[in-house]
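Chain by chain, the residues run as shown.
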There are 2 protein chains.
Amino acid sequence: MPPAPHRRVTLGEVARAAGVSAATGSRALAGDPRISGPTRERVRRAAERLGYVPNAAARSLRRQATRTLGLLLVDLADPVHGLIAAGFEEAAAARGFTVIFVAGFNDPARERRALQLFAEHRTDGVALVSSILDPAEALTLIRSDRVVLAQADHPSLAGYGNDRPVGSIRSDDAAGAGATVRHLLDAGYREIGYVGAGPTASNATRRDAVLRALRDSAARPRRAFAAGRDGWRDGLAVARRIARDLPEALICYDDKLALALMDGLRACGLDVPRDVGIAGYDDIPFAACSNPRLTTVASPSAEIGRLAVRMLVGAIEGGELPPSVVLPVELVVRESTPGPGSIDYTQPRGGEVSPRRVTSLEPVGVAPGGGR
Amino acid sequence: MPPAPHRRVTLGEVARAAGVSAATGSRALAGDPRISGPTRERVRRAAERLGYVPNAAARSLRRQATRTLGLLLVDLADPVHGLIAAGFEEAAAARGFTVIFVAGFNDPARERRALQLFAEHRTDGVALVSSILDPAEALTLIRSDRVVLAQADHPSLAGYGNDRPVGSIRSDDAAGAGATVRHLLDAGYREIGYVGAGPTASNATRRDAVLRALRDSAARPRRAFAAGRDGWRDGLAVARRIARDLPEALICYDDKLALALMDGLRACGLDVPRDVGIAGYDDIPFAACSNPRLTTVASPSAEIGRLAVRMLVGAIEGGELPPSVVLPVELVVRESTPGPGSIDYTQPRGGEVSPRRVTSLEPVGVAPGGGR
DNA sequence: TTGTATGCGTTATCAA
DNA sequence: TTGATAACGCATACAA
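About the cut-offs
- Residues numbered from 1 in each chain as written.
- Chains lettered and ligands numbered in written order.
- Predicted model: local features only at pLDDT ≥ 70, side-chain atom pairs only at ≥ 80, totals over all residues.
- Heavy atoms only, no water.
- pLDDT = per-residue confidence, 0-100.
- Contact = heavy atoms within 4.5 Å.
- Near = heavy atom within 4 Å.
- Polar contact = N/O pair within 3.5 Å; in protein donor to acceptor, adjacent residues only side chain to side chain.
- Helix = DSSP H or I, 4+ residues; strand = E, 2+ residues; numbered from the N terminus.
- Nonpolar A, V, L, I, M, F, W, Y, C, P; charged D, E, K, R; others polar.
- Pairing = 2+ DSSP bridges.
- Axes fitted to C-alpha atoms, helices over the stretch in contact; angles between N-to-C directions.
- Least-squares fit on C-alpha atoms with pLDDT ≥ 70 in both.
- Left-handed = near helix turned anticlockwise from the far one by under 90°.

*Asks:* How would you sum up the confidence of the model for chain A? Please name residues and give values.
*Replies:* Per-residue confidence for chain A averages 88 on the pLDDT scale, and 87% of its residues sit at or above 70. Here residues 345–372 of chain A scores under 50 on pLDDT; set against residues more than four positions off or in separate chains, the count is 67 contacts.

*Asks:* Outline the protein's contact with DNA strand D, supporting the account with residue identities and numerical values.
*Replies:* DNA strand D sits among 24 residues. The nearest are Thr 24 and Thr 39 of chain A together with Leu 11, Tyr 52 and Arg 62 of chain B. Taken together, the sugar and phosphate atoms account for 67% of what DNA strand D places within 4 Å of the protein. Ser 36 of chain A places a polar main-chain atom, nitrogen or oxygen, 2.9 Å from a phosphate oxygen of DNA strand D. Between DNA strand D and Asn 55 of chain B, the relevant distance is 3.3 Å, taken from a phosphate oxygen to a main-chain nitrogen or oxygen of the residue. Taken together, the elements giving at least two residues each to the surface near DNA strand D come down to α2 (22–30) and α4 (56–63) of chain A together with α2 (22–30) and α4 (56–63) of chain B. For the surface near DNA strand D, the class distribution of residues is nine nonpolar, eight polar and seven charged.

*Asks:* Outline the protein's contact with DNA strand C, supporting the account with residue identities and numerical values.
*Replies:* Lining the immediate environment of DNA strand C, one finds 25 residues, of which Leu 11 and Arg 62 of chain A together with Thr 24, Thr 39 and Arg 62 of chain B sit closest. Each atom of DNA strand C within 4 Å of the protein was classed as base or backbone; sugar and phosphate made up 70%. At 3.4 Å from a base nitrogen of DNA strand C is found a main-chain nitrogen or oxygen belonging to Ala 58 of chain A. Contacts to DNA strand C include Thr 39 of chain B, whose side-chain N or O atom sits 2.4 Å from a phosphate oxygen. Put simply, the parts of the chain that give the surface near DNA strand C at least two residues each are α2 and α4 of chain A together with α2 and α4 of chain B. The biggest single contributor to the surface near DNA strand C is α4 of chain A, with four residues. In terms of residue class, the surface near DNA strand C is built from 10 nonpolar, eight polar and seven charged.

*Asks:* Run through the sheet that holds strand β7 (residues 223–226) of chain B, naming residues and quoting values.
*Replies:* Residue and element names in this part refer to chain B. An order of β7-β6-β8-β9 is seen for the four strands of this open sheet, with the pairing classed as parallel. Pairing within the sheet leaves two strands with one partner each, and these edge strands are β7 and β9 (277–279). Within the sheet, the average angular offset between the axes of one strand and its neighbour, ignoring direction, is 20 degrees. Here strand β6 (residues 192–196) pairs with β7 via four bridges, running parallel. Each residue of the ladder has a partner; that of Gly 196, found in β7, is Ala 226.

*Asks:* Just give me the short version of the relation of the copies chain B and chain A, but keep the residues and values in it.
*Replies:* Superposition of chain B onto chain A requires a rotation of 180 degrees combined with a translation of 0.0 Å along the rotation axis, giving an RMSD of 0.1 Å. Both copies are brought into coincidence by an operation consistent with a two-fold rotation axis. Of the interface residues in chain B, 100% have counterparts in chain A that sit at the interface too, so the contact is made through matching surfaces.

*Asks:* Any details on the packing of helix α5 (residues 79–94) of chain A against helix α12 (residues 301–318) of chain A? Residues and values, ideally.
*Replies:* Residues and elements named next belong to chain A. Contact pair α5 / α12: the axes reach a minimum separation of 6 Å and the direction vectors enclose 40 degrees. Taken as a pair, α5 and α12 cross one another with a handedness that is right-handed. Between α5 and α12, the residues in contact are Val 80, Leu 83, Ile 84, Gly 87, Phe 88, Glu 90, Ala 91 and Ala 92 and Ser 301, Ala 302, Gly 305, Arg 306, Ala 308, Val 309 and Leu 312, respectively. Partitioning the contact of α5 with α12 into residue classes produces 10 nonpolar, three polar and two charged.

*Asks:* Run through the sheet that holds strand β8 (residues 249–252) of chain A, naming residues and quoting values.
*Replies:* Residue and element names in this part refer to chain A. As summarised here, the arrangement of the four strands in space is β7-β6-β8-β9, forming an open sheet in which the pairing is parallel. Lying at the two open borders of the sheet, with one neighbouring strand each, are β7 (223–226) and β9 (277–279). Mean inter-strand twist for the sheet, computed between neighbouring axes without regard to direction, equals 20 degrees. Lying over the sheet, helix α8 (residues 173–187) contacts β6 (192–196), β8 and β9, oriented at roughly 165 degrees with respect to β8.

Here it is as C-alpha cells:
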C-alpha cells in the first residue's frame, strides 16, 4: 500500500497507467460487462496501485444524482433523535447512501438553513424530523416527492390529518396517550395530570388525547401542567410547581421530562410511586433502568429512522413516494405506576414523607401550549 | 415565491435572465466588489425570482474543496457519542461546514468503509471518535494533517503516548479514574472493584489507573470484573456475577454500564448505595437524575466535538494542524458513593436485604480486556 | 466593469 | 471491445 496518495489520483491517470482510455477505465471499474476480463483486471490493479478513490462531486455532477440523503432533526444529543438518527444512518449506509445531518434545535432559521443546505447538495431525499416549519415551506426548496416528514411538529399540524402534501411518518400519539390513561384508570388512579412540553403538534396531540380520555372516564378532577419546552432541564422547578397540588398520577410529555420530574419530586421529599405515579412517553433506553423503572409508551424511534430511508429510497428508485404511515405504539407498564393502593407501606422507602394532598383540582381549559 | 422550482436552475440561466454572462452572474452572487451595484442587484433578483440554488458538487469540483467534514463515531444512539456529534455538528455549521456522519459500531469493516466514503467525498477534514482502527490505516486514505483522533480506542494505543502521527484529542482518563479511587478511599471504602467494558484502549487505561491507584493505597483486596463490550445491555447478568462476591464499591467503565448495573443490583435485592457504592464515567445527562444520583467523572463530550472542528478548521484554513490536546476531567460526587458508614440504617430502603458478604478477594492479574 | 474561454473528474453517447 | 468527445455547473485566468 502506498504511503499516502494525497495528490488525488484521477481516473484518467489510472487509465493511462493501465494503457487504456478514461472511458474504458470508467467502465472497467464500474464492472461493465463489455470490458474484457484482462483489461478489467489491468485497470483494477492500476487503480489499486495508485490508490485511486473516485471523486463523488464529479460523479454526482455527471450523473445528476448524489446518493445522498439529508436528515434534519432537533438535537443529536437527545435520546429519541439519536435513535432516529442511528436508524436512519444505518439504513442509508446499507443502501449505499451518504447522510448529511443538521440539528435545527427547534429554531426556524436553522431549519431553513438546513433545507437550503440539502438543496445545495442536491440530496436525493430529505427527512424532516419534528420540524416546526410549515411543511409548505420545505416544498419551496425540496421537491415534494422527495420529502418525508417524521413526527412533524409544526403547530398547525396538531389537527392530525394525514392528508399532508408530502410523505409522513407518525407514531400514534393519540393511541399511546389513550392507552396510558386507561392503564392508570385500571390501576386505580383517579386524579391524573398531564405535564406538557413546548407548543408543538405532538405535545398538543398527546395532551388533548389524555384530557379527552379523562373526560370520557370516571376520573375525578384533573389538570394540565405546562413544563415548557425545556422543562426537563430543571426537574426540580417543575416538581415544585406540581407538588403544591399533587394529583395521584402524572402523564408526562416524554421520558426525559418524566425522569427529570421523578428526580425533582424526590428532591421535594416525595416518593414515586408511593406518593405519585408517573408515566412517560418514548421508552428511551434509560426508562428501563430508572428507579423506579418508568411506565411509558414505546415509540419505535429507530424504526422511524429506518422507515424514512425506505420511503425515500422507494421514491428515488421507484419514482413514487410510498403512502404515509402511522406506526403503532405500545404501552410498557413498569414500576412507576403500580396503582395508588399497591404500595406496601410497611416498607417505607422515601425520606421526608409528606402526606398526600387530596385537593379538589379544577377541570382544565387547555390553551395550545399546554397551559393551565 | 415560485411554487416548486424542481428543474434546477443553473447559474447560466440566472445570468441570462439578468442579461449578463455566467461569469458576471457568479461574481455578482459571490459579492465580488468589481461588479457594479445595479448589475449585482439585477442578478440577485433574477436568482431570487428563479429560485436559484448553487450546486455544491459543481462548486466543489471547481474549487477543489468541499467545505465538508467527516465524523466517524461508534453509535449515534449512544449518549456520549450523541453529545460529541451534537458539538461537532453545531461547531461545523457555525463555520459553514457540512457534516457527513458514519456510525462504525466498533466494526473495523464499517470503519474502513467510512474512511473510503470520506475520501470519495473529498471531505476537507475527518474526525475519528473512539475508532478501533490502527491510526496508520486511516492515513492510507486521509492525509494526516486533516485527521483528528478523538478518544482513540485502538488497543495498541493504551500505552497513552501523545506522540501520535495525527492530531489527537483525549480526556484525561487516568486522572479521572485516579480521582474516583481517591474519593472512594476518602469516603471510607476499602474493597473496591472495577467493572470493565470491551478490549479498548480507554477501558484499559481506566482500569489500569484504578488498579494502580488501589495498589498504591491502603485499600484492601480488590478485583476487576469484565462486563464485556455490551455488558450494559444486561445489567442483571453483570450484577449477578458481581453479587456473588460483592466489594464495598464499584467503579464502572462508564455511566451506561453503571446505571444498568445499579438496576441489576436492585433486581438482585441489593441497595445502592447501602449495600454497595457505585461510580461511573462520562457524566451523561441521566447520571444527574438517577436514583440514587450517580457519582461520575465529567468528561467534556460536546466540547470534544467542538474542539475537533476547531482543530480541523484550523488545519484547513491555517495550513497546519494544531497540537494535540488532553482535556481535563472533573469528578462529580453524588449520592451513589456516600461512604460505607454514612447510610442511615434506621430508614431501610431496599427490598430483600442480603447481608454484605465480606470475602477475601484475591488481587487481580489483569489481562488486556478487563481480565478474569 | 464585464465577457470569453477553460477545466475541475466523471460518465454517457456515438462511432469505430 | 474500445476510444474520442461532450457535458454536468461552476469559478477563475485572461482578454477586452
